[in-house]
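Close look at the chain arrangement
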Amino acid sequence: MAAADVAAQILKAVVSGEAKTSPATQTKTSRHALQHSADVLDRSITDLKCHSASQGYDAAIAAADFSKAAMSVADMAKSLRQLPSLDNVIIFGLLQDRHEEMENALRSRLEYLISQAFAIDTSPHQMKIQVSKNISAPAIGEISLLAVLRAIHIQSASQSYFGPFARAVLKNVLIPLVKESRWEVLETDLNSGLSSITLKCRYDHESRSWVELGEGSLFGILTHIFDFIHASVCNEASTAPTDAADASEAAKHSFPRVLGDSCWPDLSNSVVTEYLSRTIPDDVKGLESFGEIKQHCTEFENRLIEIGVITSEHRTLTNYCNNIDLHFSNKKEEKLIEMTREIILDGDYSTVALDEFGPPAVLLCKKVDIRGAGAGDMHADDAQDSLFVFPACTVSTKAVRLIQLAEETLGEAATANPHCALRLYYTVRSLFDLFRAVMPVHHSAIFESVPQLAAVFHNDCMYIAHRVLSLGSEWRGKVHLGEGQREMTFIDMAGEWRRLGEKVLNLQLAKQRDNLRECIESADGFDVVDDARHAAVERAIKQVLYQLRHLSKLWKPVLPPHLYCRCMGILLDHGLLDVIHQTEKLIDIGAEESHKLHNLLLTLQSVTDLFPPPPSSSSHHTPRSLTEHYVPHFNKFVQLTDLLDLSFADIMARFRAGVRYEFEGAELQRLIRALFADTPLRVKNLEEIGRGRKV
């Protein structure tokens with residue numbers, strides 16, 4: 001028994017004996033004195049233990065017995081914890097300083113020995129890991145790795161000692177290996193003194209990914225490396241004698257655990273990023289073969305669990321594979337969105353002509369309305385054979401590609417499990433939303449400046465609206481979304497598509513209407529009193545005709561026949577109204593001026609050729625009848641042209657004969673005042689017109 005322990009027992013016996021022999025006479029002061037003496041002796045005993053530990057440490061270091069040195073440091077730390085916290089006691093501070101000195105010196109020696117035991121040598125072409133089982137150090141000589149492991153285990157500081165090596169393996173070996181598939185194990189040596197594993201990068205081989213090399217290739221080489229490290233350290237510790245069981249414990253548990261804590265989070269993330277994420281199939285059929293990859297992941301992690309690198313709670317790769325449905329859906333969604341973005345951003349504006357096709361469908365165009373312009377309903381009237389037939393027109397290849405992409409995705413959903421099918425269904429909806437949101441913004445300048453493309457995009461919107469009405473019913477019985485899920489439908493999206501198409505076409509119509517008005521107003525009035533004024537009005541009318549015929553060439557091959565006629569009718573009607581208003585503003589129109597203006601306005605009546613009857617129409621449809629149908633003020637314009645060339649007598653004769661003029665009574669009176677001189681006959685005729693009803 002140590003002298004300090006004997007002294008402690010003697011003191012306790014004395015204190016206890018005195019307390020028993022004189023309990024009646026013992027005073028409070030004497031009890032306090034005895035207790036004080038006991039405390040002083042306890043501190044003295046602690047000082048003796050610390051001194052003993054310090055001496056033991058020095059002897060152990062001199063003998064290069066780091067296990068005993070570590071035990072001395074631990075014993076001294078335990079003794080110091082028993083001392084009171086008295087800052088003004090010098091001896092306590094000296095003991096604490098001595099302990100820190102011992103601890104730091106031991107740590108420095110062990111860190112040096114560990115750095116000599118484990119080595120990593122890397123170059124662009126080769127990587128090598130070495131483990132020395134017998135370590136040579138200056139002033140120490142040769143010491144076994146086993147002894148170092150025992151000392152580290154006693155200190156319970158495995159992370160601080162093994163962590164740097166583990167992180168170096170991760171950074172210099174494991175991560176580069178995962179990123180470059182041309183690495184292969186060149187040599188493994190597990191001899192008794194120095195173990196090593198050498199890997200070489202075959203730069204002369206074709207660069208291929210781990211995915212291309214086949215399932216298990218990556219995990220095979222990773223397992224080889226971990227098995228080497230385990231065999232070099234842990235198997236060596238397993239051969240330790242029974243009196244070194246702590247070293248065996250350190251090797252079997254502490255070292256692999258530190259290796260796993262330092263490497264596994266980053267390594268598993270790298271494997272997922274560089275390998276597993278790239279093995280996610282591109283289609284549903286590929287999910288069937290993914291089971292082999294999952295099996296390799298499970299076997300790899302089982303081996304790491306077996307050698308203590310990770311626990312069963314850290315199956316990162318297996319858990320990733322278990323969620324393959326989610327990862328597949330995410331990858332598929334990202335890929336489809338990227339494909340949709342490529343469709344949207346594609347600068348190819350090529351088109352394709354669609355033939356008329358049948359139900360289930362809706363009208364191509366609901367209405368086109370220019371604010372304040374008086375444009376009415378855009379229903380197809382007799383030109384539309386059925387409310388459920390999509391009329392022949394021209395759409396962009398972008399719209400066709402989008403619909404094809406949606407149908408292909410729903411086709412995959414039909415063969416997928418309910419979870420994937422549900423995600424794919426919502427992905428298709430996202431594709432439609434993305435196209436609808438980005439397309440008009442990204443191409444806004446084109447749609448504004450190119451009337452033909454604005455019309456094409458209008459058709460695209462109506463075509464997609466038509467198709468989304470039927471997509472749900474076409475695939476509803478084939479795609480299983482799972483119990484409790486909403487019924488698959490896209491009908492709710494049709495209205496948004498129609499409104500977008502109408503908006504784009506309305507904006508283009510408004511712009512063309514303004515252009516026509518600008519042409520007419522450029523004449524600065526329709527008086528043709530001289531050659532200069534005649535030339536200005538003639539130029540304005542020719543510009544109107546040119547613009548209308550140019551739009552006709554652009555829109556006729558694109559828009560459905562009924563919608564083409566309706567759009568041209570709206571623009572022509574606005575143009576004719578502006579011409580009528582300009583003419584009605586004239587206060588005095590001489591005979592020669594009236595004749596010139598008549599001839600100029602007569603050229604505008606040639607616009608009837610903009611409305612050719614469709615090939616399938618009945619014989620009663622003529623360009624003139626179609627013009628009157630789609631241009632509400634065409635007859636009024638024709639009558640105005642006639643009035644400019646008729647005599648006063650002819651006008652009154654027609655009025656009395658019941659000819660239904662499109663003018664209000666006041667309008668007709670103003671025209672007559674402008675055309676004819678103020679005579680008693682004019683006054684009489686104006687009174688007659690004023691008494692008449694609207695004609």
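So, here's what we can say about the structure. (Residues numbered from 1 in each chain as written. Predicted model: local features only at pLDDT ≥ 70, side-chain atom pairs only at ≥ 80, totals over all residues. Heavy atoms only, no water.)

Let us look at the overall build of the chain. In terms of regular secondary structure, the chain is built from 25 helices and 8 strands. Put simply, the chain has 695 residues, and 48% of those count as buried. Within the chain, counting contacts between residues at least 6 apart in sequence, those at least 24 apart form 74% of the total. Here the chain has roughly 33,800 Å² of accessible surface; of this, 52% comes from carbon and sulfur atoms. (Helix = DSSP H or I, 4+ residues; strand = E, 2+ residues; numbered from the N terminus. Buried < 20%, exposed > 50% of the residue type's maximum accessible area, 1.4 Å probe, protein only. Contact = heavy atoms within 4.5 Å. Areas by Shrake-Rupley, 256 points an atom, 1.4 Å probe, with all protein chains shown as cover.)

The geometry of an aromatic ring pair comes down to the distance between the two centres and the angle between the two planes. Under the definition given, this model contains 16 aromatic pairs. Ring centres of Phe 447 and Phe 457 lie 4.6 Å apart, and the angle between their planes is 20°; on these two criteria the pair is classed as stacked. Note that Phe 447 is positioned in helix 15 (residues 444–449) and Phe 457 in helix 16 (residues 451–475), a separation of 10 residues in sequence. On the basis of relative accessibility, which here comes to 1%, the residue Phe 457 falls in the buried class. Three or more aromatic residues joined by ring pairs form one cluster here, namely Phe 219, Phe 226, Trp 264, Tyr 275 and Phe 300. A cation over a ring is seen here: Lys 398 above Tyr 349, with NZ or CZ 5.7 Å from the ring centre. Positioned above the aromatic ring of Trp 497 is the side chain of Arg 436, whose terminal nitrogen or guanidinium carbon lies 5.9 Å from the ring centre. (Phe/Tyr/Trp six-rings, centres within 6.5 Å; stacked < 30°, edge-to-face > 60°. Lys NZ or Arg CZ within 6 Å of the ring centre and 35° of its normal.)

Here His 327 lies in helix 12 (residues 324–345). On the basis of relative accessible area, His 327 is assigned to the buried category, the value being 17%. Excluding its chain neighbours within four sequence positions, the residues that come into contact with His 327 are Ile 280 and Tyr 320.

Attention now moves to the pattern of salt bridges. One pass over the full model with this rule turns up 26 salt bridges. Linking Asp 433 and Arg 436 is a salt bridge whose minimum nitrogen-to-oxygen distance equals 3.2 Å. You can see Asp 433 and its partner Arg 436 sitting in helix 14 (residues 418–442), 3 residues apart, about one turn around the helix. The salt bridge partner of Arg 513 is Asp 514, with a shortest N-O separation of 3.2 Å. For Asp 514, a relative accessible area of 38% corresponds to the partly exposed category. Taken together, the shared-partner salt bridges in this structure form one network comprising Asp 227, Arg 303 and Glu 306. (Salt bridge = Lys/Arg side-chain N within 4 Å of Asp/Glu carboxyl O.)

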